[in-house]
Amino acid sequence: TDTMIAADPHQPRHLIATWDQDDHKSNVTATSRNGGKTWRISTIPGISKCTGGVSDEVVDPWVSIGQKGVSYFSSLPLSVSGFLVNSSFNGGSSWSAPTPADPAAGLTVDLPSVLADPSRSDVAYFTWSRFTFSGPAITGGDARFSSTTDGARTLSPPVVIHSPPAGQAAFESRLALMSDGSLLAILGEADVDPLTAPMATFATRSTDGGQNW
């Protein structure tokens, strides 16, 4: 479950796939250097108890490849405040210890994703949903953004991409880097009750590296 694959923008035969392993006990990646003919599996350190972390379960794996094969991986451990980001400087063969993102969020974060900058190896962008709750029920939530300029050793303070009106929440926020250097965020907005309500799709652009949208 929760599978996705990324291609190297400069070496298209270099691929990294990721998926949710063993009923959410961990996430793993698999790297190919020959367009998918053969693969090498790697574990991600520090994201669950299986790999030296603290969470029993981890979901929502996401991976992206940037310049020189530098890669970034985001995941959502279900016992960690915010979410985690790991980086790889050898194209996904091994991964760094995780860096926490949005650590003040408590357990309100959902569906993080990462976009590696194809022209700057130490730069990557992150987006996610941050929900509000009344007891176990979601009452609202916005889409947020952060970035790194040092290979995910540190992340910038989160900024809000989009705040839906009362009774609605932002879902499935994703990023694209446009040819002019601007960032484009695509996200959904839906009523929180019921969560199966039809979802509207929105797009918003940032021309200053994600500080304003």
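Below or above, wherever it landed, is the structure these notes cover. (Residues numbered from 1 in each chain as written. Predicted model: local features only at pLDDT ≥ 70, side-chain atom pairs only at ≥ 80, totals over all residues. Heavy atoms only, no water.)

Regarding the overall build of the protein chain
Here is step 1: Summing up its helical and strand segments, the protein chain has 0 helices and 15 strands in all.
Here is step 2: Against the 2.2 N^0.38 benchmark of 17 Å for 213 residues, the protein chain shows a C-alpha radius of gyration of 17 Å, consistent with a compact globule.
Here is step 3: The burial tally for the protein chain puts 52% of its 213 residues in the buried class.
Here is step 4: Restricting the contact set of the protein chain to residue pairs at least 6 apart, pairs at least 24 apart contribute 44%.
Here is step 5: Between the mean site of the 13 positive side-chain charges and the mean site of the 20 negative ones, the protein chain shows a separation of 11 Å. (Helix = DSSP H or I, 4+ residues; strand = E, 2+ residues; numbered from the N terminus. Rg over C-alpha atoms; globule rule 2.2 N^0.38 Å. Buried < 20%, exposed > 50% of the residue type's maximum accessible area, 1.4 Å probe, protein only. Contact = heavy atoms within 4.5 Å. Lys, Arg positive; Asp, Glu negative; His and termini not counted. Charge placed at Lys NZ, Arg CZ, Asp CG, Glu CD.)

Points about the pairing of strand β11 (residues 137-148)
Here is step 1: Within β11, 10 of the 12 residues are buried, which leaves the element mostly enclosed by the surrounding structure.
Here is step 2: Both strand β10 (residues 124-134) and β11 contribute to a ladder of 11 bridges, which runs antiparallel. Looking at β11, one finds that phenylalanine 131 is bridged to glycine 141.
Here is step 3: Following β10, the chain reverses through 2 residues before pairing antiparallel with β11; glycine 135 in that reversal takes a positive phi of roughly 65°.
Here is step 4: Note: β11 against strand β12 (residues 159-162), 3 bridges, orientation antiparallel. Pairing of alanine 143 across the sheet is with histidine 162, part of β12. (Pairing = 2+ DSSP bridges.)

Here's the deal with the pairing of strand β9 (residues 109-116)
Both faces of the sheet carry side chains from a regular strand, because those side chains alternate between them.
Here is step 1: The buried count for β9 comes to 7 of 8 residues, which makes it a mostly enclosed element.
Here is step 2: Strand direction decides the pairing type here: β9 and β10, joined by 6 bridges, are antiparallel. In the strand pairing of β10, serine 113 is matched with threonine 127.

A short note on the packing of aromatic side chains
Centre distance and the angle of the planes are the two values used to describe a pair of aromatic rings.
Here is step 1: Across all of its chains, the model carries 5 aromatic pairs by this definition.
Here is step 2: Summarising the aromatic geometry, the rings of tyrosine 125 and phenylalanine 145 are spaced 6.2 Å apart at their centres and angled 25° between planes, so their arrangement reads as stacked. With tyrosine 125 in strand β10 and phenylalanine 145 in strand β11, this residue pair connects regions lying 20 residues apart in the sequence.
Here is step 3: According to the relative accessible area criterion, tyrosine 125 is buried, its value standing at 6%.
Here is step 4: Seen from their ring centres, phenylalanine 131 and phenylalanine 171 are 5.4 Å apart, and the 50° between their planes marks the pair as tilted. Taken as a pair, phenylalanine 131 in strand β10 and phenylalanine 171 in strand β13 (residues 168-177) lie far apart in primary sequence, 40 residues in all. The pair formed by phenylalanine 131 and phenylalanine 171 is uniform in burial state, with each residue classed as buried. (Phe/Tyr/Trp six-rings, centres within 6.5 Å; stacked < 30°, edge-to-face > 60°.)

Observations concerning the side chain of serine 87
Here is step 1: If you trace the backbone, serine 87 turns up in strand β7 (residues 83-88).
Here is step 2: At 3.2 Å, the side chain of serine 87 forms a polar contact with the backbone oxygen of glycine 151.
Here is step 3: The contacts of serine 87, once residues within four sequence positions are left out, are Ser71, Tyr72, Ser94, Trp95, Ser96, Gly151 and Ala152. (Polar contact = N/O pair within 3.5 Å; in protein donor to acceptor, adjacent residues only side chain to side chain.)

Re the environment of alanine 200
Here is step 1: Inspection of the secondary structure assignment puts alanine 200 in strand β15 (residues 200-206).
Here is step 2: Accessibility expressed as a relative area gives 36% for alanine 200, which makes it partly exposed.
Here is step 3: Remark: the alpha-carbon pair of alanine 200 and alanine 190, spanning 10 residues in sequence, is separated by 6.4 Å.
Here is step 4: The residues contacting alanine 200, other than those within four sequence positions of it, are Leu187, Gly188 and Glu189.

Things to note about unusual backbone geometry
Here is step 1: Notably, leucine 111 is not glycine yet its phi reads approximately 55°, a positive angle.
Here is step 2: Its place among the elements puts leucine 111 in strand β9.
Here is step 3: Phi is positive for glutamate 172, close to 55°, though the residue is something other than glycine.
Here is step 4: Following the sequence through the fold, glutamate 172 ends up in strand β13.
Here is step 5: Judged by its relative accessible area of 39%, glutamate 172 is partly exposed.

By themselves these figures say nothing about function.
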